[in-house]
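# Structural characterization, general
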Amino acid sequence: MNNPDIISRTTDFVKQQLKNAEGGHDWFHVQRVYNNAVAIAKNEKADMLVVKLGALLHDIADSKFHNGDESVGPQKARTFLEKENVTGATIDHVVKIIENISFKGSYTEKSFRSRELDIVQDADRLDAIGATGIARAFNYGGFKNRELYNPDIPPRKYRTKEEYKNNKAPTINHFYEKLLLLKDKMNTQTGRKIAEDRHRYMENFLEQFYGEWEGTR
């Protein structure tokens, strides 16, 4: 049976696991995704427990901080939920969400689909765009010691998940290689509506950035 306090216990577990995480992938990122997911789910027919657990555990061990190992996160989540005596069906669903949520997964054909995955994925993608998305992009770029912008390195279109994962392009390129693409990848009506505003904000930011770069603003 599912523990009635599972959400609060999962929250405590995630906070502990991410206490030393990079700023764009820390507890506050998870909290924003959780809030986004709950808000979106109110307008959708979905299993709210799966949505909440999926949102809380979606970044429990991001592969880019574990030498690219994509199995760490799902396994950590499964081990925790099993200890909490969560039902097998719920655990399997949450693990599938973690395995399939990432943007880099868009370079391969989806092997799993569910309304709950759609909701958590939209919630995660919303946190990658708009003002928060801009802040997270430059925070991560600084963490990886990447250039802000280099006119001699144009954005690329990646053909495979491996190419995308291994790129070391300037942060501005990330807007064209991921962030500006997310609006059209939203799964839910609520997600699409929110994404429209955040997308425009990023376009305005880039216009201002280039003007300042060229000294015309």
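See above for the structure.
Nothing here was measured: the structure is a model prediction, and the numbers come from that model.

Scoring rules and cut-offs
- Residues numbered from 1 in each chain as written.
- Predicted model: local features only at pLDDT ≥ 70, side-chain atom pairs only at ≥ 80, totals over all residues.
- Heavy atoms only, no water.
- Helix = DSSP H or I, 4+ residues; strand = E, 2+ residues; numbered from the N terminus.
- Buried < 20%, exposed > 50% of the residue type's maximum accessible area, 1.4 Å probe, protein only.
- Contact = heavy atoms within 4.5 Å.
- Salt bridge = Lys/Arg side-chain N within 4 Å of Asp/Glu carboxyl O.
- Core = buried A, V, L, I, M, F, W, Y, C linked by side-chain atoms within 4.5 Å.
- Polar contact = N/O pair within 3.5 Å; in protein donor to acceptor, adjacent residues only side chain to side chain.

Attention shifts here to the overall build of the chain. Counting its regular elements, the chain contains 10 helices and 0 strands. Going from N to C terminus, the chain has its helices and strands arranged as α-α-α-α-α-α-α-α-α-α. Each of the 217 residues in the chain was classed as buried or not, and the buried ones make up 48%. Pairs at least 24 residues apart make up 67% of the contacts formed inside the chain by residues separated by at least 6 positions.

This next bit is on the pattern of salt bridges. Counting across every chain of the model gives 9 salt bridges. Put simply, Asp 118 and Arg 115 hold a salt bridge, and the shortest N to O gap is 3.2 Å. With Asp 118 and Arg 115 both in helix α6 (residues 115-126) and 3 residues apart, this pair spans about one turn of that helix. On the basis of relative accessible area, Asp 118 is assigned to the buried category, the value being 14%. Linking Arg 200 and Asp 197 is a salt bridge whose minimum nitrogen-to-oxygen distance equals 2.3 Å. Here Arg 200 and its partner Asp 197 are both found in helix α10 (residues 189-214), 3 residues apart, which amounts to about one turn of the helix.

Counting 52 residues, the largest nonpolar core has Val 14, Leu 57, Leu 81 and Phe 175 as the members making the most contacts within it. The biggest single contributor to this core is helix α2 (residues 27-41), with 8 residues. With residues near it in sequence (within four places) discarded, Val 14 still touches Trp 27, Val 30, Leu 56, Leu 57 and Ile 60.

This part takes up helix α3 (residues 48-57). Within α3, 7 of the 10 residues are buried, leaving the element largely enclosed by the surrounding structure. Burial in α3 covers these residues: Val 50, Val 51, Leu 53, Gly 54, Ala 55, Leu 56 and Leu 57. Buried residues in α3 make contact with α1 (6-17), α2, α4 (72-83), α5 (88-100) and α6. Regarding α3, its N-cap is Asp 47, as a side-chain oxygen of that residue lies 3.1 Å from the backbone nitrogen of Leu 49 further along.

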